[in-house]
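Chain residues, written in single-letter form:
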Amino acid sequence: MKEETTISPELQRFMDLHKIPTISALLVINDETLLGMDGFGWRMLKEVLRFRQSE
């Protein structure tokens, strides 16, 4: 059984702001692009990298 993915409120707000519908869609955006987007920071990058490792 797959674990339910829980994201931080900060990451959820970022995804809502940029109209990113799913975590899967977020994970295909490269790190450099994410870091250049408004409202994205290192703490969220750490969370995204954790999601990528668990795939």
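As a reminder, the structure under discussion sits directly above these lines.
Residues numbered from 1 in each chain as written. Predicted model: local features only at pLDDT ≥ 70, side-chain atom pairs only at ≥ 80, totals over all residues. Heavy atoms only, no water.

Chemist: Which parts of the structure should I look at to understand the pattern of salt bridges?
Modeler: Any two side chains of opposite charge can pair, on the condition that their charged atoms come close. A full pass over the atoms with the stated rule returns two salt bridges. Note that Arg43 and Glu10 form a salt bridge whose closest N and O atoms lie 3.8 Å from each other. Of the two residues, Arg43 is situated in helix H4 (residues 42-54) and Glu10 in helix H1 (residues 9-17); the sequence distance between them amounts to 33 residues. Close ionic contact of Arg52 with Asp31 constitutes a salt bridge, the shortest N to O distance being 2.4 Å. Of this pair, Arg52 sits in helix H4 while Asp31 sits in helix H3 (residues 31-36), placing them 21 residues apart in sequence. Of the residues examined, Asp31 reaches a relative accessible area of 23% and is grouped as partly exposed. (Salt bridge = Lys/Arg side-chain N within 4 Å of Asp/Glu carboxyl O. Helix = DSSP H or I, 4+ residues; strand = E, 2+ residues; numbered from the N terminus. Buried < 20%, exposed > 50% of the residue type's maximum accessible area, 1.4 Å probe, protein only.)

Chemist: Just to check I follow, could you spell out the side chain of Glu47 for this structure?
Modeler: Along the chain, Glu47 falls in helix H4. Of the side chains bearing the opposite charge, Arg50 lies closest to the buried Glu47, which forms no salt bridge; the N-O distance is 4.6 Å. Ignoring any residue separated from it by four or fewer positions in sequence, one finds Glu47 in contact with Thr6, Ile7, Ser8 and Leu11. (Lys, Arg positive; Asp, Glu negative; His and termini not counted. Contact = heavy atoms within 4.5 Å.)

Chemist: What is the right way to look at the environment of Trp42 in this model?
Modeler: Looking at the element boundaries, Trp42 is found in helix H4. Through-space distance from the C-alpha of Trp42 to that of Ile20 is 18 Å; in sequence the pair is 22 residues apart.

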